[in-house]
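Okay, here's what each chain looks like letter by letter:
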Amino acid sequence: MTSFLDPVIAFVSAHPWAAYLTLFLAALLEAIPVVGALVPGSTLILALSALVPGGELKLWGVLAAAIAGAMLGDGSAFWAGHRSQREILGALPMSGYPGVMAQSEAFFHRWGTLAVLFARFVPPIRAFVPVTAGALGMPPMIFFGVSIPTVLAWALAHVLPGVLAVSALHEYAGLPHHQHTGKHLWMLAVFAAAIIALGVWMLRRRRIGKASSDQARLGLRPGAGPT
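Quick caveat: nothing in here was measured; it's all calculated off a predicted structure. (Residues numbered from 1 in each chain as written. Predicted model: local features only at pLDDT ≥ 70, side-chain atom pairs only at ≥ 80, totals over all residues. Heavy atoms only, no water.)

Visitor: How do you make sense of the overall build of the chain when you look at a structure like this?
Guide: The helix and strand tally for the chain stands at 10 helices and zero strands. Secondary structure elements of the chain occur, N-terminal to C-terminal, as α-α-α-α-α-α-α-α-α-α. Looking at the 227 residues of the chain, the share that counts as buried comes to 39%. Looking at the chain alone, contacts between residues at least 24 apart form 74% of all its contacts between residues at least 6 apart. Of the accessible surface of the chain, which amounts to about 12200 Å², a share of 70% is contributed by carbon and sulfur atoms. (Helix = DSSP H or I, 4+ residues; strand = E, 2+ residues; numbered from the N terminus. Buried < 20%, exposed > 50% of the residue type's maximum accessible area, 1.4 Å probe, protein only. Contact = heavy atoms within 4.5 Å. Areas by Shrake-Rupley, 256 points an atom, 1.4 Å probe, with all protein chains shown as cover.)

Visitor: Sorry if this is basic, but what is going on with the packing of helix α5 (residues 59-84) against helix α9 (residues 140-172) here?
Guide: Two packed helices can be described by the angle between their axes and the distance between those axes. At a minimum axis separation of 9 Å, α5 and α9 run at an interaxial angle of 150 degrees. On the basis of their axis angle, the class for α5 and α9 is roughly antiparallel. Note on packing geometry: the crossing formed by α5 with α9 is right-handed. (Axes fitted to C-alpha atoms, helices over the stretch in contact; angles between N-to-C directions. Parallel < 35°, antiparallel > 145°, perpendicular 65-115°, else oblique. Left-handed = near helix turned anticlockwise from the far one by under 90°.)

Visitor: Would you take a moment to explain the nonpolar core for this structure?
Guide: The biggest cluster of nonpolar side chains holds 29 residues, and the ones touching the most others in it are L23, I45, L51, L57, V62 and W154. For this core, the secondary-structure elements that each account for two or more residues are α1 (2-14), α2 (16-30), α4 (41-48), α5, α9 and α10 (181-217). In this structure I45 touches L23, A27, A66, W154, H158 and V159, once residues within four positions along its chain are discounted. Counting 12 residues, the second largest nonpolar core, distinct from the first, contains F108, A115, V116 and V129. (Core = buried A, V, L, I, M, F, W, Y, C linked by side-chain atoms within 4.5 Å.)

Visitor: I'm lost on the packing of aromatic side chains in this one. Help?
Guide: For any pair of aromatic rings, the description rests on two quantities: the centre-to-centre distance and the angle between the ring planes. Applying the stated rule across the entire model yields six aromatic pairs. Centre to centre, the rings of F78 and F144 are 5.6 Å apart; their planes meet at 80 degrees, and the pair counts as edge-to-face. Here F144 lies in helix α9 and F78 lies in helix α5, a separation of 66 residues in the sequence. Ring pairs connect the aromatic residues F78, W79, F143 and F144, which therefore count as one cluster. (Phe/Tyr/Trp six-rings, centres within 6.5 Å; stacked < 30°, edge-to-face > 60°.)

Visitor: Just to check I follow, could you spell out empty space enclosed by the protein for this structure?
Guide: To find leftover empty space, one rolls a probe the size of a water molecule over the atoms. Using the criterion set out here, one finds one cavity of 30 Å³ or more in the structure. Taken as a whole, the largest cavity holds about 60 Å³ of empty space. What lines the largest cavity is simply D74, V116, A119, R120, R126, V129, P130, F143, S147 and T150. Looking at the lining of the largest cavity, the elements with two or more residues in it are α7 (114-119), α8 (129-135) and α9. No other element matches α9, which puts three residues into the lining of the largest cavity. Looking at the lining of the largest cavity residue by residue, the classes come out as five nonpolar, two polar and three charged. (1 Å grid on protein atoms, 1.4 Å probe; cavity = no way out; pocket = protein on both sides within 12 Å on 5 of 7 lines; lining within 4 Å. Points joined across faces, edges and corners; volume = space filled by probe spheres on them. Nonpolar A, V, L, I, M, F, W, Y, C, P; charged D, E, K, R; others polar.)

Visitor: Would you mind going over the packing of α4 against α9 with me for this structure?
Guide: Viewed as axis vectors pointing N to C, α4 and α9 meet at an angle of 50 degrees, and their least axial separation amounts to 7 Å. On the basis of their axis angle, the class for α4 and α9 is oblique. Seen from α4, the contacting residues are S42, I45 and L46; seen from α9, they are W154, A157, H158 and V159. Here the contact of α4 with α9 is composed, by residue class, of five nonpolar, two polar and no charged.

Visitor: Got a minute to help me understand α9 in this structure?
Guide: Helical periodicity: at 3.6 residues per turn, an α-helix aligns residues three or four positions apart in one direction. For α9, which comprises 33 residues, the first-to-last C-alpha distance of 47 Å matches the rise-based estimate of 48 Å (1.5 Å per residue) to within 8%. Taking the largest bend as the criterion, α9 deviates by roughly 25 degrees, centred on V159, and proline P161 comes between one and four positions later. (Expected span 1.5 Å × (residues − 1). Bend = angle between axes of the 7 residues up to and from the residue.)

Visitor: I'm lost on the layout of surface pockets in this one. Help?
Guide: Estimated volume of the second largest pocket: approximately 210 Å³. Along the wall of the second largest pocket there are 13 residues; nearest its centre are V8, V12, L44, L48 and F191. Of all the secondary-structure elements, those providing two or more residues to the lining of the second largest pocket are α1, α2, α4 and α10. It is α1 that provides the largest number of residues to the lining of the second largest pocket, a total of five residues. Of the residues assigned to the lining of the second largest pocket, the class counts are 12 nonpolar, one polar and no charged.

Written out as structure tokens, the structure reads:
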């Protein structure tokens, strides 16, 4: 993995604009319904934040790219829902994911305005709540009043941990920046955590699917138990 990371670090050092563009697109696509559930935007942001302490990327550039992408994504999804109202919830591509849409709507009804805040930190619901908020009639002033500070907090929460962790490794563990060891350790930890989280999510979905299939075979309603 380190043999793969070194060329990436070298490329970013020579072409930082490409990294900023990647961060912007990652944050943008994460907020798009359906697409956002598939794009590992948060993982990319967490991983690339490791390149700030060594100077390959600038902190302000990473934060600006992540914030701009997330705001544009959330705002676009919200306005699409606001203009189409509930019709958009049953249109493609959302109609292909009725379970996730139902979960998103239930999440919104349960938490109300706070759903916009919570959902930004909960994938894959994050990709569906902005459009759901617009479709269900949340006023734009309220949505953006919650969404903008939430995006700022989200960006800081995804960028600063990598910056601080890698800085601490070089400062207190004596790891030289030019050897990229601290960056390797952080990036590997982020990718490993993402793989584990994906595995847990897939296992959980599989168990839920198996339970639903068993209930259907027994003629039970979903969530009902044998009497």
